[in-house]
Amino acid sequence: QVQLVESGGDLVQAGGSLRLSCAASGRIFGINDMGWYRQAPGKQRELVAAITRRGNTNYADSVVGRFTISRDDAKNTVYLQMNSLKPEDTAVYYCKMKIIAYTIDDYWGQGTQVTVSS
């Protein structure tokens, strides 16, 4: 059974930095796209950043120049380095991976809270 475990969420002051991690475990043959999403109270879940197996990246306009997504395929892990954090970045952050196991399916992490105080 495949599981995704996230870590790194915290309370931080505006202008600070955090690094989120999401590690996949289980019988995994490979991972295609990896991504980070976030959901603030009362809002829909939105894509923050994504990275393909080839390393191509895509970012939401609101985080360009501040956030960096990266992956370590040897560890089945995706990272999100978040710099210059703003109060509007406050949300629950979720990772998502398209994992090749016995089938190819999307898996989600449990979510990690990021709170940015002004």
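Residues numbered from 1 in each chain as written. Predicted model: local features only at pLDDT ≥ 70, side-chain atom pairs only at ≥ 80, totals over all residues. Heavy atoms only, no water.

**So, the side chain of Glu6**
For Glu6, the position within the fold is in strand 1 (residues 3-7). Here Glu6 occupies a buried position and makes no salt bridge, while the nearest side chain of opposite charge, Arg45, is found at 7.7 Å. Engagement of the side chain of Glu6 in a polar contact is seen with the backbone nitrogen of Cys95, the distance being 2.8 Å. Separated by 3.2 Å, the side chain of Glu6 and the backbone nitrogen of Gly111 make a polar contact. Those residues in contact with Glu6 that sit more than four places away from it in its chain are Ser21, Cys22, Trp36, Tyr93, Tyr94, Cys95, Gly109, Gln110, Gly111 and Thr112. (Helix = DSSP H or I, 4+ residues; strand = E, 2+ residues; numbered from the N terminus. Buried < 20%, exposed > 50% of the residue type's maximum accessible area, 1.4 Å probe, protein only. Lys, Arg positive; Asp, Glu negative; His and termini not counted. Salt bridge = Lys/Arg side-chain N within 4 Å of Asp/Glu carboxyl O. Polar contact = N/O pair within 3.5 Å; in protein donor to acceptor, adjacent residues only side chain to side chain. Contact = heavy atoms within 4.5 Å.)

**Here we look at the pairing of strand 10 (residues 104-108)**
Relative to strand 10, strand 9 (residues 91-100) runs antiparallel, the two sharing five bridges. What sits directly across from Met97, in strand 10, is Tyr107. Between strand 9 and strand 10, which pair antiparallel in sequence order, lie three residues. (Pairing = 2+ DSSP bridges.)

**Brief notes about unusual backbone geometry**
Of note, the phi angle at Asn76 is positive, near 50 degrees, even though the residue is not glycine. Unlike most non-glycine residues, Ser84 shows phi in positive territory, near 50 degrees. Along the polypeptide, Ser84 turns up in the loop between strand 8 (77-82) and strand 9.

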